[in-house]
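Understanding the architecture of this molecule
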Amino acid sequence: MQDRIREKILEELKKHEKKQNTIRQTGFISNQFYINSLTYKLKIDTLTIKDEKEEIYICINLNQVYQVHIYENSIQIYLDNDTQICIIR
């Protein structure tokens, strides 16, 4: 299951790469920030999404992800601690 979720997220991130994106986090902490040129990397089970030139980033432990919804222009990621992360193109 985890491998399938990981591959689904990575496959969709390819469509968002090098484009402007909004990252919206909701849950016990809510915030929103903008990325001008999205890049990402996966190291073990930690997915880091960041701006290519700025020091703006978010790290997601993929072991905490239990559900992913893919829409035309966004990825909705649900984590164990009642956190949702939405990546919007």
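Presented here is a report on the structure given in the accompanying data block. (Residues numbered from 1 in each chain as written. Predicted model: local features only at pLDDT ≥ 70, side-chain atom pairs only at ≥ 80, totals over all residues. Heavy atoms only, no water.)

Side note on helix α1 (residues 2-16)
For the α-helix, the turn length of 3.6 residues means that residues three or four positions removed from each other point alike. The end-to-end C-alpha separation of α1 is 21 Å, in line with the 21 Å expected for 15 residues at 1.5 Å each. Every buried residue belonging to α1 is among I5, R6, I9, L10, E12, L13 and H16, and all of these are buried. In this fold, the buried residues of α1 make contact with β1 (21-26), β3 (38-43), β4 (46-51), β6 (65-70), β7 (74-79) and β8 (83-88). The first or second residue beyond α1 is K18, which carries a positive phi of 65 degrees. (Helix = DSSP H or I, 4+ residues; strand = E, 2+ residues; numbered from the N terminus. Expected span 1.5 Å × (residues − 1). Buried < 20%, exposed > 50% of the residue type's maximum accessible area, 1.4 Å probe, protein only. Contact = heavy atoms within 4.5 Å.)

Thoughts on the sheet that holds β8
Strand order in the open sheet formed by 5 strands is β2-β1-β8-β7-β6, with antiparallel pairing between adjacent strands. Unpaired on one side and paired on the other, β2 (31-35) and β6 mark the two borders of the sheet. Taking the axes of each pair of neighbouring strands and ignoring which way they run, one obtains an average angle of 15 degrees across the sheet. Here β1 pairs with β2 via 5 bridges, running antiparallel. By the bridge assignment for β2, N21 is matched with I35. (Pairing = 2+ DSSP bridges. Axes fitted to C-alpha atoms, helices over the stretch in contact; angles between N-to-C directions.)

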